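Descriptive analysis of the structure
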Amino acid sequence: MDVIIAVFPLLAGWILDRFFGDPERLPHPIVWFGKSIHYFEHRFNRGSSRKAKGALVAIGLIGAVYLLAWGVLRVLAGLPLVEMLVETVAIFFCLAGTTLVREVMAVFAEADKSLEAGRKQVARIVGRDTGSLTDREVRTAALETLAENLSDGVIAPLFWYMLLGVPGMLAYKMVNTLDSMVGYRNARYREFGCWAAHIDDVANYIPARLTALLMVMVAGRPGLLGFVARYGSKHASPNSGYPEAALAGVLDCRFGGPHDYFGERVEKPYIGHTERGFSSVDVVTSVKINRRSETVMVLLVLVVRIFVR
């Protein structure tokens, strides 16, 4: 029974994500996270001491999510079947592998129809301004997001589940949601979102590098580790560059360059050295790398959970 309790929620939650992705018609905890962040940002991101207020909001929300999840599971500890069901649903909601793959493949499909359709589709998954992107930039943005969000949406949640269980996994998702909503260096969020961005950097430090390692290993290209080390550290983010560098190495392409965010030009360093266009072959290869990395990570976590149990 102990082994079943250790492996069933993760295995079932992962399988549900592989088949269904994010359930659009069901209440999603990330939507609730976003609403709570918006509520506090709207009320506290004004006046003086914005950095301190942003720190209190970020730490408070992350701590509240962890304690609430921990408390619920403690209450359900005497009901193992119910506890497993709740954990399964939570893990299902926290993993975003299938939805990410579908969105990125949709970008390539729409870009094949027209540039405007590609721009519209990629705007669903990136934060940069998309109105003036070229066809190559549309496809590049999709592939960069595929690599970066393999870490943020799959490997990192699994990593924190491995360490802290479902409460840690949910707390990480709050960290990631905070960063995606307020962790920008523009006039509005530079102070208020400072702590949210730094916490996200810390939470993703190991997962981002682990993601890059998994990607080059499942691709059968361990020799790319030097490439990843060289280019990964050049990214403006301390973490995002590593999975992006891994995919750029596998595809022998170049990511990065200048982007516009909220009308402001941001110069990002280039990752890789081969500037070329992209086709459906590239997205198929990238999806295979993502799926294999995800599978290896799930197996790793299952082994750890069984050993610890």
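Located above this text is the structure these notes cover.
Residues numbered from 1 in each chain as written. Predicted model: local features only at pLDDT ≥ 70, side-chain atom pairs only at ≥ 80, totals over all residues. Heavy atoms only, no water.

Thoughts on the overall build of the protein
Each helix and strand counted, the protein has eleven helices and two strands in total. Secondary structure elements of the protein, listed N to C terminal, follow the sequence α-α-α-α-α-α-α-α-α-α-β-β-α. Rg of the C-alpha trace for the protein: 19 Å, near the compact-globule value of 19 Å for 309 residues, within the 12% margin. For the protein, the spread of C-alpha atoms along the three principal axes comes to 55 × 50 × 35 Å. (Helix = DSSP H or I, 4+ residues; strand = E, 2+ residues; numbered from the N terminus. Rg over C-alpha atoms; globule rule 2.2 N^0.38 Å.)

Structural notes on the packing of helix 5 (residues 97-113) against helix 6 (residues 115-122)
One way to put it is that helix 5 packs onto helix 6 with a least axis distance of 7 Å and a crossing angle of 165°. As far as their axial angle goes, helix 6 and helix 5 are roughly antiparallel. Every pair of crossing elements has a handedness; the one defined by helix 5 and helix 6 is right-handed. Seen from helix 5, the contacting residues are Glu103, Ala106, Val107, Glu110 and Ala111; seen from helix 6, they are Leu115, Ala117, Gly118, Gln121 and Val122. Each residue belonging to the contact of helix 5 with helix 6 can be placed in one class, and the counts come to six nonpolar, two polar and two charged. (Axes fitted to C-alpha atoms, helices over the stretch in contact; angles between N-to-C directions. Parallel < 35°, antiparallel > 145°, perpendicular 65-115°, else oblique. Left-handed = near helix turned anticlockwise from the far one by under 90°. Contact = heavy atoms within 4.5 Å. Nonpolar A, V, L, I, M, F, W, Y, C, P; charged D, E, K, R; others polar.)

Section: empty space enclosed by the protein
Taken as a whole and assessed by the stated rule, the structure comprises one cavity of 30 Å³ or more. Taken as a whole, the largest cavity holds about 30 Å³ of empty space. Taken together, Gly97, Leu100, Val101, Leu150, Val154, Asn290, Arg291 and Glu294 make up the full set of residues lining the largest cavity. Elements that contribute at least two residues to the lining of the largest cavity include exactly helix 5, helix 7 (135-182) and helix 11 (280-308). Taken together, the residues of the lining of the largest cavity sort by class into four nonpolar, two polar and two charged. (1 Å grid on protein atoms, 1.4 Å probe; cavity = no way out; pocket = protein on both sides within 12 Å on 5 of 7 lines; lining within 4 Å. Points joined across faces, edges and corners; volume = space filled by probe spheres on them.)

The analysis is restricted to geometry; functional conclusions fall outside its scope.
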